[in-house]
Amino acid sequence: MSRRNRITPNWFDGVAAHYTLLFPLVKDKALCCNRTPNQLRNHLVLAERGGNWYTPPMQTKPLFIVISAPSGCGKSTLCDMLLQHYNDLSYSVSCTTREPRGMEEDGVDYHFHTLERFRELIDENAFLEYAEVHGNFYGTLKAPIAEDLASGLSIVMDIDVQGAAKVREHVKALPASDPMRDGFVDIFIMPPSMEELRRRLEGRSTDAPEVIERRLENAEGEIARADEFMFKVVNDELSVAFKRICDILDVKSGRM
Ligand code: ADP
Ligand code: 5GP
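Residues numbered from 1 in each chain as written. Chains lettered and ligands numbered in written order. Predicted model: local features only at pLDDT ≥ 70, side-chain atom pairs only at ≥ 80, totals over all residues. Heavy atoms only, no water.

A. Summary view of the site of ligand 1. As a matter of local geometry, ligand 1 sits amid 13 residues, with G72, S76, T77, R204 and N235 nearest to it. Between ligand 1 and K75 there is a distance of 2.8 Å, counted from an oxygen atom to a backbone nitrogen or oxygen. Here an oxygen atom of ligand 1 sits 2.5 Å away from a polar atom, N or O, in the side chain of T77. Within the complex, 75% of the 560 Å² of free accessible area of ligand 1 lies under protein. Elements with a contribution of two residues or more to the shell around ligand 1: α4 (75-85) and α9 (194-204). It is α4 that contributes the most residues to the shell around ligand 1, three residues altogether. Among the residues forming the shell around ligand 1, the class breakdown is three nonpolar, six polar and four charged. (Near = heavy atom within 4 Å. Polar contact = N/O pair within 3.5 Å; in protein donor to acceptor, adjacent residues only side chain to side chain. Areas by Shrake-Rupley, 256 points an atom, 1.4 Å probe, with all protein chains shown as cover. Helix = DSSP H or I, 4+ residues; strand = E, 2+ residues; numbered from the N terminus. Nonpolar A, V, L, I, M, F, W, Y, C, P; charged D, E, K, R; others polar.)

Put into structure tokens, the structure is as follows:
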């Protein structure tokens, strides 16, 4: 399931009526909207355990997963695949001051904010971490992460190396028994080569040439920090990289 496939108010009004016969909680529009179907399923499972329509997810340790890499290495592609593969995984939607591109949707791919609003959120201490990346601000909100972890979901974040370092520091300071620390995994995605990285950034056709140049210049410094991460995965053949990440997560969560 793509993280773009969140339940929208239109979807709710259109087809949810069918499900209300099976699950009374689906009537609650506020509960359903802006969740992925899998997140909704988890919420319903937790709320209505014992019902015979949904199968509860396997009892595994919730993970707090950080995926990091230079722009164009395939983080979004791999995160989307992970979200389709694991039904107990929630995507951490970051805030950003950059403009939406292509099909990106506010509240789904990012929360798009003005610089002024972003600064207010900093002042409100709303961020677990934030950083300036390629000339724009990006930040991870604390509240949704706490909410998802509390409901037993694993979380995956797509953030840059500066943000990953801040999250790592935060996690290290927590007690060993804290679920965020216990389930912490950080993975750095490597490009097969700088030539291939350029091809992917150009092939994506979402960024202006000067933006691509800036991202490629920054990539060298980001790759130099790959050793800070628990795991490094080269995204050459997509299916191989995906399998490697799944193996890491399955071992960490106790599925394997
Ligand atoms: P990021 O989120 O790290 O910026 P994307 O997931 O947007 O990167 O990937 C950049 C481009 O590279 C996209 O067009 C994507 O389809 C493509 N891509 C991702 N992984 C691979 C791969 N293993 N082989 C070839 N192309 C890939
Ligand atoms: P893009 O503009 O291509 O979506 O993202 C640019 C970079 O910002 C990527 O390296 C991405 O991982 C990073 N990024 C996205 N969200 C966050 C966030 O919340 N915090 C930090 N530190 N980086 C982020």
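B. Main features of the site of ligand 2. Neighbouring ligand 2 are 19 residues, the closest being R98, Y110, Y138, D158 and R215. With respect to ligand 2, the side chain of D158 contributes an N or O atom lying 2.7 Å from an oxygen atom.

C. Summary view of the confidence of the model for the chain. Model confidence for the chain is summarised by a mean pLDDT of 84, while 77% of its residues fall at 70 or above. Within the chain, helix α1 (residues 9-20) has the poorest average pLDDT of any element, 51, and helix α5 (residues 115-123) the best, 98. Within the model, the stretch residues 48-58 combines pLDDT values under 50 with 19 contacts to residues more than four positions away or in other chains. (pLDDT = per-residue confidence, 0-100. Contact = heavy atoms within 4.5 Å.)

D. Focus on the sheet that holds strand β4 (residues 110-112). Read from one edge to the other, the open sheet built from four strands follows the order β4-β3-β6-β5, with strand pairing classed as mixed. Edge positions in the sheet fall to β4 and β5 (127-133), since each has one partner strand and no second. Neighbour to neighbour, the strand axes of the sheet diverge by 25 degrees on average, direction disregarded. Looking at chain direction, strand β3 (residues 94-96) and strand β6 (residues 136-141) are connected through two bridges and run antiparallel. The residue of β6 that forms the bridge with T96 is Y138. α5 rests against β3, β5 and β6 of the sheet, and its axis sits at about 140 degrees to β5. (Pairing = 2+ DSSP bridges. Axes fitted to C-alpha atoms, helices over the stretch in contact; angles between N-to-C directions.)

E. Spotlight on the packing of aromatic side chains. Using the criterion set out here, one finds eight aromatic pairs in the structure. Taking 5.2 Å as the distance between ring centres and 55 degrees as the angle between the ring planes, the aromatic pair formed by F188 and F229 counts as tilted. Here F188 is found in strand β8 (residues 184-190), whereas its partner F229 is found in the loop between α10 (209-223) and β9 (231-234), with 41 residues between them in sequence. Just as F188 is buried, F229 falls in that class too. Feature note: the residues F118, F127, Y130 and F137 constitute an aromatic cluster, connected by ring pairs. Sitting over the ring of Y130, K166 keeps its end group 5.4 Å from the ring centre. (Phe/Tyr/Trp six-rings, centres within 6.5 Å; stacked < 30°, edge-to-face > 60°. Buried < 20%, exposed > 50% of the residue type's maximum accessible area, 1.4 Å probe, protein only. Lys NZ or Arg CZ within 6 Å of the ring centre and 35° of its normal.)

F. Seen up close, the environment of Y86. Here Y86 lies in the loop between α4 and β2 (89-91). C-alpha of Y86 to C-alpha of C246: the two residues are 160 residues apart in sequence and 9.3 Å apart in space. Of note is the side chain of Y86, whose polar atom sits 3.4 Å from the backbone oxygen of C246.

G. Layout of the sheet that holds strand β7 (residues 154-158). Across the sheet, which stays open at both edges, the five strands sit in the order β2-β7-β1-β8-β9 with parallel pairing between neighbours. Looking at the sheet topology across the chains shown, the edges are occupied by β2 and β9. Pairwise comparison of adjacent strand axes, ignoring direction, gives a mean angle of 25 degrees for this sheet. Of the pairings in the sheet, the one linking β2 to β7 comprises three bridges and is parallel in character. Looking at β7, one finds that S90 is bridged to I155. In the packing of α4 onto the sheet, contacts are made with β1 (64-68), β2, β7 and β8, and the angle to β7 comes to roughly 165 degrees. On the sheet, helix α7 (residues 161-172) packs against β1, β7 and β8 and is oriented at approximately 155 degrees with respect to β1.

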